[in-house]
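Next come the chains, spelled out residue by residue.
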Amino acid sequence: MKKTEIYTLGSPYREDLTVSGYSFGYGQKAACIVGSIRGNEIQQLYVCSQIIRKLEELEAANAVTPGKEILVIPSVNHHAMNIGKNMPGDFIPHVRMMDTGKQNTSLACLFGLPYVVVRKPRPIDTTTLNYNWQIWDTNAFSLYTTETDVIDEVSARQAVAAVMRFLTRMGILKYHSHNGYIATVIGEEELVSVRTDNGGIYRRLCHPGDEVQIGTPLAEIVHPYEGHVISTVLSPVAGIVFFTHKKPLVTENEVICKIIRRMHE
């Protein structure tokens, strides 16, 4: 393992922001794994730390394919670790990628996670690292685990296993793991967003991976002062719960659930 300084950015109010990278093997730059980039991505940072730990063991066992180099960057913007910018909630573990016209969903399936989600890029996405990697002929994938702002050991291990599986199937690493899932590829437009009609204390009644029918209760909104249920959010479709909100409070018209609609509907 070799630790290098990728980039340093000066700051007038705190210590310089130094982006560090950990490389394994030598030769062709075969894969780069980037952890937390913004906001509250604690789980992503932890997953990268476990990938580094695993790759250090595998490199010592000569399991990195000769002539291949793997780079891991645990954090790009750790100065922002105390700022929450993402949708608060839990996801089914999945691979997410943008429809740039150059995306390769077949490669995304090699991670062996349950779903691959493809979404249309927004104008702001054209400035992101993921988008520009794809435009400049590099396959780029975003891995989502169950948690974001807290550490979840189970889904973290699943993410590490997915990365090891992908690197092995791409011929970059020599590693034996179970085959994982046969991924289902869906478009983000297939996800049905369910919103609240009231604000208040949020009581979650479903979890990612749950199967729901039309009318299945997904959540209850409790009056913050009087304690009674003022609203029960029902599923508008039959399908699989993909995402659920988990913070204790919600506002009116907030997305608290995303459902993968059954194909026959």
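These numbers were taken from a predicted model, which means no experiment stands behind them. (Residues numbered from 1 in each chain as written. Predicted model: local features only at pLDDT ≥ 70, side-chain atom pairs only at ≥ 80, totals over all residues. Heavy atoms only, no water.)

(A) Representation of the overall build of the protein within the structure. When helices and strands are counted, the protein shows four helices and 17 strands. Computed over C-alpha atoms, the radius of gyration of the protein comes to 20 Å, within 12% of the 18 Å expected from 2.2 N^0.38 for 265 residues, which places it in the range of a compact globule. Each principal axis of the C-alpha atoms in the protein carries an extent, and together these give about 60 × 50 × 35 Å. Across the 265 residues in the protein, those meeting the buried criterion constitute 42%. (Helix = DSSP H or I, 4+ residues; strand = E, 2+ residues; numbered from the N terminus. Rg over C-alpha atoms; globule rule 2.2 N^0.38 Å. Buried < 20%, exposed > 50% of the residue type's maximum accessible area, 1.4 Å probe, protein only.)

(B) Fine view of the packing of helix α1 (residues 42–60) against helix α4 (residues 153–169). Direction vectors running N to C along α1 and α4 enclose 50°, while the axes themselves pass 9 Å from each other. Here α1 lies oblique to α4, going by the angle between them. Where α1 crosses over α4, the handedness of that crossing is right-handed. Here Gln43, Tyr46, Val47, Gln50, Ile51, Lys54, Leu55 and Leu58 of α1 lie close against α4, whose contacting residues are Glu153, Ser155, Ala156, Ala159, Val160, Val163 and Met164. Taken together, the residues that form the contact of α1 with α4 break down as ten nonpolar, three polar and two charged. (Axes fitted to C-alpha atoms, helices over the stretch in contact; angles between N-to-C directions. Parallel < 35°, antiparallel > 145°, perpendicular 65-115°, else oblique. Left-handed = near helix turned anticlockwise from the far one by under 90°. Contact = heavy atoms within 4.5 Å. Nonpolar A, V, L, I, M, F, W, Y, C, P; charged D, E, K, R; others polar.)

(C) Geometry of the nonpolar core. One finds Ile51, Leu55, Val72 and Leu167 to be the most contacted residues of the largest nonpolar core, which totals 35 residues. Among the elements of the structure, β2 (17–25), β3 (28–36), α1, β4 (68–75), β6 (94–98), α2 (105–108), β7 (115–119) and α4 are those that each provide at least two residues to this core. A per-element tally of this core places α4 first, with eight residues. The residues contacting Ile51, other than those within four sequence positions of it, are Ile33, Val72, Val160, Val163 and Met164. Grouped together as the second largest cluster of nonpolar side chains are 15 residues, Val194, Val212, Val241 and Ile259 included. (Core = buried A, V, L, I, M, F, W, Y, C linked by side-chain atoms within 4.5 Å.)

(D) Examining a nonpolar patch on the surface more closely. On the surface, Ile6, Tyr7 and Leu9 cluster together to form a nonpolar patch covering roughly 290 Å² of accessible area. Assignment of secondary structure puts Tyr7 in strand β1 (residues 2–9). (Patch = residues over 30% accessible without salt bridge, like charges linked within 9 Å, V, L, I, M, F, W, Y side chains within 5 Å. Areas by Shrake-Rupley, 256 points an atom, 1.4 Å probe, with all protein chains shown as cover. Salt bridge = Lys/Arg side-chain N within 4 Å of Asp/Glu carboxyl O.)

(E) Broad picture of the pairing of β7. Burial of β7 is extensive: five of the five residues sit out of reach of the surface. Of the two faces of β7, the one lined by Tyr115, Val117 and Arg119 and the one lined by Val116 and Val118 are each fully buried. Bridge count for β6 against β7 is five bridges, and the pairing is parallel. Within β7, the residue paired with Met97 across the bridge is Val118. Bridge count for β7 against strand β9 (residues 184–187) is four bridges, and the pairing is parallel. By the bridge assignment, Val117 is partnered in β9 with Ile186. (Pairing = 2+ DSSP bridges.)

(F) Looking closely at the pattern of salt bridges. Counted under the stated rule, the structure contains eleven salt bridges. Between Arg122 and Asp125 there is a salt bridge, with the nearest N and O atoms lying 3.4 Å from each other. A relative accessible area of 4% places Asp125 in the buried class. Put simply, Glu220 and Arg203 hold a salt bridge, and the shortest N to O gap is 2.8 Å. Placement of Glu220 in strand β13 (residues 217–222) and of Arg203 in strand β11 (residues 200–204) is noted, with a sequence separation of 17 residues between them. Judged by its relative accessible area of 19%, Glu220 falls in the buried class.

(G) How the structure looks around the sheet that holds β3. Across the sheet, four strands lie side by side as β1-β2-β4-β3; this open sheet has mixed pairing. The open sheet has two edge strands, β1 and β3, and neither has a second partner. Direction aside, neighbouring strands of the sheet carry axes that sit 25° apart on average.

(H) Unusual backbone geometry, seen in detail. Phi at Asp137 is positive, roughly 65°, even though this residue is not glycine. The residue Asp137 is located in the loop between α3 (129–135) and β8 (142–144) in this model. In this structure, Asn253 takes a positive phi of about 65° despite not being glycine. The exposure class assigned to Asn253 is partly exposed, which follows from its relative accessible area of 48%.

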